[in-house]
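Now for the letters of each chain:
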Amino acid sequence: MAPDPVEPTPRTTTPRTLNLQSRSVLAGQAAAASAEVEHALGVDQDPHTAAFFDVDNTIMQGASIFHFARGLHRREFFTTRDLLGAAWQQVLFRVIGSEDPEHIDKARSSALAFIAGHRVSELEQIGEEIFDENMADKIWPGTRAIAQWHLDRGQRVWLITAAPVEIAAVIARRLGLTGALGTVAQHVDGVYTGQLVGEMLHGEGKAVAVREIAEREGLHLDSCYAYSDSSNDLPMLSLVGHPCAINPDAGLRAHARSNGWRIRDYRTGRKIAVASARAAIAGAAAGGTWRVLRGRRNR
């Protein structure tokens, strides 16, 4: 039996913190509003239940934005030096200052700047190609089977990720899922401006997005499911009646055990042994690639 949803611990806020929180709320609202619906279930639907899956290290090995960046690198969007620098910048970002408001501001201001001036349709087409090249063989079979279990019962299945919604939508479409929620990049007349709508979709922003979708779709959160590998997703996991830790980091594993949540680990013994040491590097995909790609445009 899953525990009742747990509200985040209140903390003293400063105007700076409030500003970041408002951006997280905006990110969640934007993700819900622009959610891409890709799949109509062919079985009797359960109208009140849905499952929400994080992407990086939960449904896909590694980080989707890094796999995407590899594809862009192959198409000469930026240099090898930029790609290597992205990983190192994100190691520093995650290990030293992931909760520092100044670091978060810098990450936000540089995120997706590298696609400014490109058309949405161009990135969508490239995303389809990159999925086949770099992502299809990175899907965790165990997590994919869980997603299919929900689909087979007529339940909607959403991906929810800090990665750009365009990437998440491709993954959802290829896996036959209901749709995707992700970080929303601003675009005008079909052309990216290089700015984000609010924050990257992470932490509390994901919980906001789930609440928005639940209200819009008539979902009962106490009957819904959520899956993630990261303690950063505790706001989302605590929101639903059936949270599950997939390939969890140390913080999430401890929290799941203490609260009686389900835990599923699809990594090999060797991968589990080195998971903590490699977590920051794996996370390089999610945000660090965005930082280092700042200002890099297709030449």
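*Asks:* Hey, could you run me through the side chain of Arg156 in this one?
*Replies:* Its location among the elements puts Arg156 in strand E3 (residues 156–164). A distance of 2.9 Å separates the side chain of Arg156 from the side chain of Glu217, its partner in a polar contact.

*Asks:* Help me out: how do you make sense of the packing of helix H5 (residues 120–135) against helix H7 (residues 165–175) in this one?
*Replies:* Between two packed helices, the angle of one axis relative to the other and the distance separating the axes together describe the packing. Running from N to C, H5 and H7 cross one another at 70 degrees; their axes reach a closest spacing of 10 Å. Classed by the angle they form, the pair H5 and H7 counts as roughly perpendicular. For the crossing formed where H5 meets H7, the hand is right-handed. Packed against H5, whose contacting residues are Gly127, Glu128, Phe131, Asp132 and Met135, the element H7 presents Ile167, Val170, Ile171, Arg173 and Arg174 at the interface. In terms of residue class, the contact of H5 with H7 is made up of five nonpolar, one polar and four charged.

*Asks:* Help me understand the packing of aromatic side chains, please; the structure alone is not making it clear to me.
*Replies:* When we look at a pair of aromatic rings, we describe it by the centre distance and by the angle of the planes. Across all of its chains, the model carries two aromatic pairs by this definition. Considering the side-chain rings of Phe53 and Tyr227, the 4.3 Å spacing of their centres and the 10 degrees angle between planes classify their relative orientation as stacked. Taken together, the residues span a long stretch of sequence, with Phe53 in strand E2 (residues 50–53) and Tyr227 in strand E7 (residues 225–228) at a distance of 174 residues. In this pair, the class of Phe53 matches that of Tyr227, namely buried.

*Asks:* Would you take a moment to explain the packing of helix H2 (residues 64–74) against H5 for this structure?
*Replies:* The geometry of H2 relative to H5 is characterised by a closest axis approach of 9 Å and an angle of 105 degrees between their N-to-C directions. Classified by the angle their axes make, H2 and H5 are roughly perpendicular. Seen from H2, the contacting residues are Ser64, His67, Phe68, Arg70, Gly71, Leu72 and Arg74; seen from H5, they are Leu123, Ile126, Gly127, Ile130, Glu133, Asn134 and Met135. The residue inventory of the contact of H2 with H5, partitioned by class, reads six nonpolar, five polar and three charged.

*Asks:* I'm lost on H7 in this one. Help?
*Replies:* Side chains three or four residues apart in an α-helix point the same way, a direct result of the helix having 3.6 residues per turn. By the criterion of burial, H7 is predominantly enclosed, with nine of the eleven residues buried. Looking only at H7, the buried set comprises Val165, Glu166, Ile167, Ala168, Ala169, Val170, Ile171, Ala172 and Leu175.

*Asks:* It is not clear to me how the pattern of salt bridges should be interpreted in this structure. Could you clarify?
*Replies:* Two side chains with opposite charge may pair up if their charged atoms get near one another. With the rule as written, the count across this model stands at 14 salt bridges. Between Glu133 and Arg74 there is a salt bridge, with its nearest N and O atoms 3.1 Å apart. Placement of the pair is Glu133 in helix H5 and Arg74 in helix H2, with a sequence separation of 59 residues. For Glu133, a relative accessible area of 37% translates into the label partly exposed. The salt bridge involving Arg174 is made with Glu128; its shortest N-O contact spans 2.9 Å.

*Asks:* Looking at this structure, how should I read the nonpolar core?
*Replies:* Generally speaking, nonpolar side chains in soluble globular proteins are found buried as a group. Judged by nonpolar contacts, the single largest core of 37 residues is most densely connected at Phe53, Phe68, Met135, Leu159, Ile171, Leu177 and Tyr227. For this core, the secondary-structure elements that each account for two or more residues are E2, H2, H5, helix H6 (141–152), E3, H7, E7 and strand E8 (242–246). At seven residues, the largest contribution of residues to this core is made by H7. Leave out the neighbours within four places in its chain, and Phe68 touches Leu123, Gly127, Ile130, Met135 and Ile167. Judged by nonpolar contacts, the second largest core, of 22 residues, contains Ala226, Val240, Ala245 and Leu252.

*Asks:* Got a minute to help me understand the pairing of E8 in this structure?
*Replies:* In regular strands, side chains alternate between the two faces of the sheet. Counting buried residues along E8, four of its five residues qualify, which places the element largely inside the surrounding structure. When E8 meets strand E9 (residues 262–264), the two strands line up parallel, connected through three bridges. Looking at E9, one finds that Ile246 is bridged to Arg264. Remark: the E8/helix H10 (residues 250–259)/E9 crossover connection has right-handed handedness.

*Asks:* Would you mind showing me how to read the environment of Ala256 here?
*Replies:* With respect to the helices and strands, the residue Ala256 is situated in helix H10. Owing to a relative accessible area of 0%, Ala256 belongs among the buried residues under this scheme. For the pair formed by Ala256 and Ser231, sequence separation is 25 residues and the distance between their alpha carbons is 9.5 Å. Residues within four places of Ala256 in sequence aside, it is in contact with Ala245, Trp261 and Ile263.

*Asks:* Looking at this structure, I do not really get unusual backbone geometry. What am I missing?
*Replies:* Among all residues save glycine, negative phi is the norm, and among peptide bonds the norm is trans. In this structure, Asn57 takes a positive phi of about 70 degrees despite not being glycine. Positionally, Asn57 belongs in the loop between E2 and H2. Not every positive phi belongs to a glycine, and Asp189 is a case in point at roughly 50 degrees. Tracing the backbone shows Asp189 in the loop between strand E5 (185–188) and strand E6 (191–196).

Rules used in this analysis
Residues numbered from 1 in each chain as written. Predicted model: local features only at pLDDT ≥ 70, side-chain atom pairs only at ≥ 80, totals over all residues. Heavy atoms only, no water. Helix = DSSP H or I, 4+ residues; strand = E, 2+ residues; numbered from the N terminus. Polar contact = N/O pair within 3.5 Å; in protein donor to acceptor, adjacent residues only side chain to side chain. Axes fitted to C-alpha atoms, helices over the stretch in contact; angles between N-to-C directions. Parallel < 35°, antiparallel > 145°, perpendicular 65-115°, else oblique. Left-handed = near helix turned anticlockwise from the far one by under 90°. Contact = heavy atoms within 4.5 Å. Nonpolar A, V, L, I, M, F, W, Y, C, P; charged D, E, K, R; others polar. Phe/Tyr/Trp six-rings, centres within 6.5 Å; stacked < 30°, edge-to-face > 60°. Buried < 20%, exposed > 50% of the residue type's maximum accessible area, 1.4 Å probe, protein only. Salt bridge = Lys/Arg side-chain N within 4 Å of Asp/Glu carboxyl O. Core = buried A, V, L, I, M, F, W, Y, C linked by side-chain atoms within 4.5 Å. Pairing = 2+ DSSP bridges. Right-handed = clockwise from strand over helix to strand, strands pointing away.

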